[in-house]
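Architecture at a glance
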Amino acid sequence: ADPDELAARISVCRACERLVAWREQVATQKRAAFADQPYWGRPVPALGPADAPVLVVGLAPAAHGANRTGRNFTGDRSGDWLYAALHRGGFATQAGSTHAGDGLELVGARIVAPVRCAPPQNKPTTAEKATCAPWLDRDLAISEPHLRSIMCLGSIGWDATVAAVRHAGWQVPRPKPRFGHGARATLVTPTGRQVDLVGCYHVSQQNTFTGRLTEAMLDEVVASL
Ligand code: SF4
């Protein structure tokens, strides 16, 4: 599939009634600090070059972050942490991003959300995760020929990735590799190439504010990609 065509198709998906209502409600009501900005308010497609050797799999757009900017992990505290680390690791041209036109670009990394629409309380339902899974399958197919490693931010991204690669006929170790910070497993693509699956605690404020995830821990994972 063509990445631009896929992004265009994803951006008009309305398959999850609850998430469509929430993403549009947030985009209409806005947060006071962003009252003068347009909100994207749609599914957020992959960000970064299609031929990137590193794929970063998050969770879902933040209501006032990517649901506002239309670009994964930009415009909120989680993104500040992630982009700072990606910049230190040479994967981003800037250490942060506040709005869609600020020039941030990913270098050798592509970021996808396994659930493409902002969910209430950042918690998608099991059904919503399943409904969005085919989009990850398609993005994985675009990235696959170029991949060296897949960094999963949290267990939802890890599980979605394992399901997607299995679906695509990759070899996954048995028993299924367990998510953890710094967890690693070797996946094998249908063409016999090895790709590292790498776990990392999610860059949510729940983890970064509490010290569960430190900059050093994040840098260590990014340096291993
Ligand atoms: Fe479509 Fe995924 Fe958004 Fe559901 S979460 S409406 S499947 S893009």
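Let me sum up the structure you'll find in this document. (Residues numbered from 1 in each chain as written. Predicted model: local features only at pLDDT ≥ 70, side-chain atom pairs only at ≥ 80, totals over all residues. Heavy atoms only, no water.)

**Some thoughts on the side chain of Thr161**
- Relative to the helices and strands, Thr161 is located in helix α6 (residues 155-167).
- Setting aside residues up to four positions removed in sequence, Thr161 forms contacts with Val57, Leu136, Ile150, Cys152 and Leu197. (Helix = DSSP H or I, 4+ residues; strand = E, 2+ residues; numbered from the N terminus. Contact = heavy atoms within 4.5 Å.)

**Here's the deal with the site of the ligand**
- As a matter of local geometry, the ligand sits amid Cys13, Ala15, Cys16, Leu19, Pro43, Val115, Arg116, Cys117, Thr131, Cys132 and Trp135.
- When residues of the shell around the ligand are assigned to their parent elements, the largest contribution, 3 residues, is made by helix α5 (residues 126-143).
- Residues that form the shell around the ligand fall into these classes: 9 nonpolar, 1 polar and 1 charged. (Near = heavy atom within 4 Å. Nonpolar A, V, L, I, M, F, W, Y, C, P; charged D, E, K, R; others polar.)

**Focus on the nonpolar core**
- Tyr83, Leu86, Leu106, Ile111 and Met151 are the most contacted members of the largest nonpolar core, which totals 24 residues.
- If you list the elements that add at least two residues to this core, you get β1 (54-57), α4 (77-88), β2 (109-112), β3 (149-153), β5 (194-200) and α8 (215-223).
- With 4 residues, α4 is the largest single contributor of residues to this core.
- If we ignore the near neighbours within four places in the chain, the residues touching Leu86 are Phe91, Ala92, Leu106, Ile111 and Val222.
- Residues Leu55, Val112, Trp170 and Leu187 belong to the second largest nonpolar core, which totals 19 residues. (Core = buried A, V, L, I, M, F, W, Y, C linked by side-chain atoms within 4.5 Å. Buried < 20%, exposed > 50% of the residue type's maximum accessible area, 1.4 Å probe, protein only.)

**Quick word on the packing of aromatic side chains**
- One pass over the full model with this rule turns up 2 aromatic pairs.
- Centre to centre, the rings of Phe179 and Tyr201 are 6.4 Å apart; their planes meet at 55 degrees, and the pair counts as tilted. Pair noted here: Phe179 is in the loop between α6 and β4 (184-188) and Tyr201 is in the loop between β5 and α7 (205-208), with a separation of 22 residues, a long-range link.
- An aromatic cluster is built from Trp158, Phe179 and Tyr201, whose rings are joined through pairwise contacts.
- Taking the ring centre of Trp40 as reference, the NZ or CZ of Arg42 above it sits at 5.1 Å.
- The positively charged end of Arg212 is found above the aromatic ring belonging to Tyr201, 3.9 Å away from the centroid. (Phe/Tyr/Trp six-rings, centres within 6.5 Å; stacked < 30°, edge-to-face > 60°. Lys NZ or Arg CZ within 6 Å of the ring centre and 35° of its normal.)

**Some thoughts on the sheet that holds β1**
- Read across the open sheet, the 5 strands follow the order β2-β1-β3-β5-β4; overall the sheet is mixed. If you trace the sheet from one side to the other, it starts and ends with β2 and β4, each paired once. Neighbour-to-neighbour, the strand axes of this sheet turn through a mean angle of 20 degrees, independent of strand direction.
- Two elements, β1 and β3, share 4 bridges in a ladder whose sense is parallel. By the bridge assignment, Val57 is partnered in β3 with Cys152. (Pairing = 2+ DSSP bridges. Axes fitted to C-alpha atoms, helices over the stretch in contact; angles between N-to-C directions.)

**So, unusual backbone geometry**
- Note that the residue after Arg174, namely Pro175, is joined by a cis bond; omega there is 0 degrees.
- Relative to the helices and strands, Pro175 is located in the loop between α6 and β4.
- One non-glycine residue, Lys30, lies in positive phi territory at about 60 degrees.
- Along the chain, Lys30 falls in the loop between α2 (17-29) and β1.
- The residue Gln121 is not glycine, and still its phi comes out positive at about 55 degrees.
- Mapping Gln121 onto the fold places it in the loop between β2 and α5.
- The exposure class of Gln121 is exposed, given its relative accessible area of 66%.

**Some words on the packing of helix α1 (residues 3-10) against α5**
- Where α1 contacts α5, the axes come no closer than 11 Å and their chain directions differ by 165 degrees. What the angle tells us is that α1 and α5 run roughly antiparallel. Classified by chirality, the crossing of α5 by α1 is left-handed. Contacts between α1 and α5 involve Pro3, Leu6, Arg9 and Ile10 on the former and, on the latter, Trp135, Arg138, Asp139 and Ile142.
- Classifying every residue of the contact of α1 with α5 gives 5 nonpolar, no polar and 3 charged. (Parallel < 35°, antiparallel > 145°, perpendicular 65-115°, else oblique. Left-handed = near helix turned anticlockwise from the far one by under 90°.)

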